[in-house]
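Coordinates in review
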Amino acid sequence: MSNKWILLILDLIIITLIGVSAIKGLTIKEGMTISSVKETMKLGDSYQVVLNSYDAELKKYEETVEKQKTAIKNFEQSKQKFEQIKNINSYETLVELAKEREFNIEALWIKLGLIAENNELTHAFNIKKSSQTSNYDINVELIGTYSGIRNFIDDIMMDMDLMFKAEDIIIVTEGANNLKATFVIKNINIVM
């Protein structure tokens, strides 16, 4: 056979394959036709939508993780501050720390006055320069019931803004039903 006949036979085979493929569908991979390829392409578009949705969710997740890390960091800082306070072994240490703070005279008078009035006490506060430091001592005079006086002293000791320690406490009777208490709150940094 000559080359012409071989080319002619090959052409006929190719034309026959094209005709059969057009009629029955072109098989690209076993079981896949052009129409199934088109369906696959539609799935590819759906895949892109899913991929975009996944990217958005991944971004939300990463933002949430960052917020969580920030919250953990803030918690650890708060925990560390608490541990420092917890390790303070005495009330005296807290009082010493409180002495480092500054108190505005007007705000301090209002706060102490409100505590006295809440305990139904008549009160007088006088300040004088401390003999030990450049700070001030507050001389306190209270008139009222024993429980009112006791509550006032507890309140100024336990108030986290004040943490004052009453020293040199003297209690005497005042009239028929009242007591008079005098004491000193020493070494307070007061801003005039």
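None of the values given here were measured: they were computed from a predicted structure.

**Overview of the overall build of the protein**
Secondary structure summary: the protein contains five helices and five strands in total. Residues classed as buried in the protein amount to 20% of the 192 residues present. The contacts of the protein with a sequence gap of at least 6 include a subset with a gap of at least 24, amounting to 58%. Of the roughly 14300 Å² that the protein leaves accessible, carbon and sulfur atoms contribute 58%.

**As for the packing of aromatic side chains**
As enumerated under the stated definition, the model contains four aromatic pairs in all. Considering the side-chain rings of phenylalanine 103 and phenylalanine 164, the 5.3 Å spacing of their centres and the 65° angle between planes classify their relative orientation as edge-to-face. Note that phenylalanine 103 is positioned in strand β1 (residues 102-104) and phenylalanine 164 in the loop between α5 (146-158) and β4 (166-174), a separation of 61 residues in sequence. Owing to a relative accessible area of 10%, phenylalanine 103 belongs among the buried residues under this scheme. For the ring pair phenylalanine 125 and phenylalanine 152, a centre distance of 6.4 Å and an interplane angle of 20° mean the geometry is stacked. Note that phenylalanine 125 is positioned in strand β2 (residues 122-129) and phenylalanine 152 in helix α5, a separation of 27 residues in sequence. For phenylalanine 125, a relative accessible area of 11% puts it in the buried group. One aromatic cluster in this structure is built from Trp109, Phe125, Phe152 and Phe183. Cation over ring: lysine 129 sits above tyrosine 136, and NZ or CZ is 4.6 Å from the ring centre.

**Points about unusual backbone geometry**
Residues other than glycine seldom take positive phi values, yet methionine 163 does so here, at roughly 55°. Along the polypeptide, methionine 163 turns up in the loop between α5 and β4. Methionine 163 sits in the buried class, given a relative accessible area of 9%. For asparagine 187, which is not glycine, the phi dihedral falls at a positive 60°. With respect to the secondary-structure elements, asparagine 187 resides in strand β5 (residues 178-191).

**Points about the pairing of strand β3 (residues 136-144)**
Alignment of β2 against β3, held across eight bridges, turns out to be antiparallel. Paired with isoleucine 127 across the strands is isoleucine 138, a residue of β3. Joining the antiparallel neighbours β2 and β3 is a turn of six residues. Pairing geometry for β3 and β5, over eight bridges, is antiparallel. Within the sheet, the bridge partner assigned to isoleucine 143 lies in β5 and is lysine 180.

Cut-offs and rules
- All chains use their own residue numbering, which begins from 1 and follows the written sequence.
- Local features in a predicted model are, by the rule used here, given only for residues with pLDDT of at least 70; side-chain atom pairs are given and counted only at 80 or more, and totals for whole chains, interfaces and linings are based on all residues.
- Based on all heavy atoms of the structure, the side-chain values leave hydrogens and waters out of the count.
- A run of H or I in DSSP counts as a helix once it spans at least four residues, and a run of E counts as a strand once it spans at least two, with each numbered from the N terminus.
- Relative accessibility thresholds used throughout: buried, under 20% of the residue-type maximum; exposed, over 50%; partly exposed, between the two (1.4 Å probe, protein chains only).
- Contacts between residues were defined by any pair of non-hydrogen atoms, one from each residue, lying within 4.5 Å.
- For accessible areas, the Shrake-Rupley method is used with a probe of radius 1.4 Å. Any residue's cover is judged against the shown protein chains and nothing else.
- For Phe, Tyr and Trp, where Trp contributes only its six-membered ring, two rings pair if their centres lie within 6.5 Å, and the inter-plane angle classes them as stacked under 30 degrees, edge-to-face over 60, or tilted in between.
- By the criterion adopted, a ring carries a charge over it if an Arg CZ or a Lys NZ lies within 6 Å of its centre and within 35 degrees of its normal.
- When DSSP finds two or more bridges between a pair of strands, those strands are recorded as paired.

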